[in-house]
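# Summary of the model geometry
As a plain string of letters, each chain reads:
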Amino acid sequence: MKRKVISPKLRHKWKTKVFAVILLLLLLGFCFSTFLLMETHYYTRIGTNASTIFPRFVQQPKISFLFLARNRLPLDLVWDQFFQGDDENRFSIYIHSRPGFLLNRLTTRSKYFLDRQVNNSIQIYWGEATMIQAEIILLQHALKDPFNERFAFLSDSCIPLYNFSYTYDYIMSTSTSFVDSFADTKEGRYNPKMDQVIHVQHWRKGSQWVILTRKHAEIIVKDEVVLPMFQQHCQRKSLPEFWRDRPVPADNSKEHNCIPDEHYVATLLAHQGLEGELTRRSLTHTSWDISSSKGRERQGWHPVTYKLADATPMLIQSIKDIDNIYYETEYRREWCTSKGKPAPCFLFSRKFTRPAAMRLLNMSALGVSKEASSYSYMR
């Protein structure tokens, strides 16, 4: 079988066509690359100009407001005005209410509290470690958000004294936690049986209404040493007769009530050697001055409750004017500062009834919003 012979002329013509095709492909590739480069440069310029005109949103650190409530939040409209002062998403809200209670459109008038309940709440008993457990539950939920950098505990009777921006700047201006913490040498609440873990020199007392950094919040959540001591050696002691909600036990000689919520956080952080990382005062004002109070509801174990008749601009101004706190057991006076300058000591105050809080809101005495609420405090 004879092989077909291609003439030199035909072979040269074929090579010329192949070369022309390759050259065309190279030229097209060069043109396409140049086009892509020009387009990329163009859109990069557009993107740069757009980001200059419309800056990209950068999530700022958030304050997590952790509410410990019996049921509903009776002062929700006051807080509604407060949270409206932030348009930069600088806060989050978590609420611990008793099991079975549901915050919905029938039980709260503020959108900020809808769907903010934790789903694993527990029953809290006054003077027992269940209060600490509820605080830990709130912290566990709040720590899931990596942007939460401060954790502020508030009661359902707390009111804000200033607007959101001032409050945010005050709290975020320091790297410390705000923890009321002082040596407890008078009450006899320390149980010597704790000494194997908690030494008496680390025993601290203070308000449970603390504001924590993320580091300290994580320490509390991970604690498996100090909390068991409180659970084991701080048993509830019988309350005075007019506060009892259960019969007095036949033998109460073995009871020892150390009021865990007033001692746990401050004692744990002292035990950890972290007091140098604290501003050792609370930002929540509570009045224990019952010398002029009448009636059983204002005596004994609980602080003053401010009612409708108490709610005046003068009251709020007197709280705002407090610029120092004296700690008797340590002979220590805390002059309150913010950003290195003298500042009010308190950002929040308790305990206010709903009529009292709504009256203050209507009088624009709290400074939480530019306009007074249209809701009547008598509703």
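Conventions and cut-offs
Residues numbered from 1 in each chain as written. Predicted model: local features only at pLDDT ≥ 70, side-chain atom pairs only at ≥ 80, totals over all residues. Heavy atoms only, no water. Disulfide = S-S within 2.5 Å. Helix = DSSP H or I, 4+ residues; strand = E, 2+ residues; numbered from the N terminus. Buried < 20%, exposed > 50% of the residue type's maximum accessible area, 1.4 Å probe, protein only. Pairing = 2+ DSSP bridges.

### Concerning the state of the cysteines
Disulfide: a covalent bond formed between the sulfur atoms of two cysteine residues. Within this structure, the stated rule accounts for 2 disulfides. At a sulfur-sulfur separation of 1.7 Å, the disulfide partner of Cys234 is Cys258. The sign of the S-S torsion, about 105 degrees, decides the handedness of the disulfide formed by Cys234 and Cys258: right-handed. One end of the pair, Cys234, is in the loop between helix H6 (226-233) and helix H7 (264-271); the other, Cys258, is in the loop between H6 and H7, with 24 residues separating them in the sequence. The pair formed by Cys234 and Cys258 is uniform in burial state, with each residue classed as buried. A disulfide bridge connects Cys336 with Cys345, and the sulfur atoms are separated by 1.9 Å. Disulfide Cys336-Cys345: torsion about the S-S bond near 90 degrees, hence right-handed. For Cys345, a relative accessible area of 0% corresponds to the buried category. If one numbers only the bonded cysteines of the protein, in the order they occur, the disulfide pattern is 1-2, 3-4.

### Quick look at the pairing of strand E3 (residues 148-155)
Burial analysis of E3 places 7 of its 8 residues in the buried class, the great majority of the element. The pairing of strand E1 (residues 62-68) with E3 spans 7 bridges and is classified as parallel. For Lys62, the partnering residue across the bridge sits in E3 and is Asn148. One ladder, built from 3 bridges, connects E3 with strand E8 (residues 211-213); its direction is antiparallel. By the bridge assignment for E8, Ala152 is matched with Ile211.

### Re the pairing of strand E12 (residues 332-335)
Across a regular strand the side chains alternate sides, sitting on one face of the sheet and then on the other. Burial along E12 is one-sided: the residues Arg332 and Glu334 are buried and none of Arg333 and Trp335 is. Bridge analysis of strand E11 (residues 324-327) against E12 gives 4 bridges, and the strand direction is antiparallel. Across the sheet, Tyr326 pairs through a bridge with Arg333, a residue of E12. With antiparallel pairing between neighbouring strands as the criterion, E11 and E12 make up a hairpin whose turn holds 4 residues, including Tyr331 at a positive phi of roughly 50 degrees.

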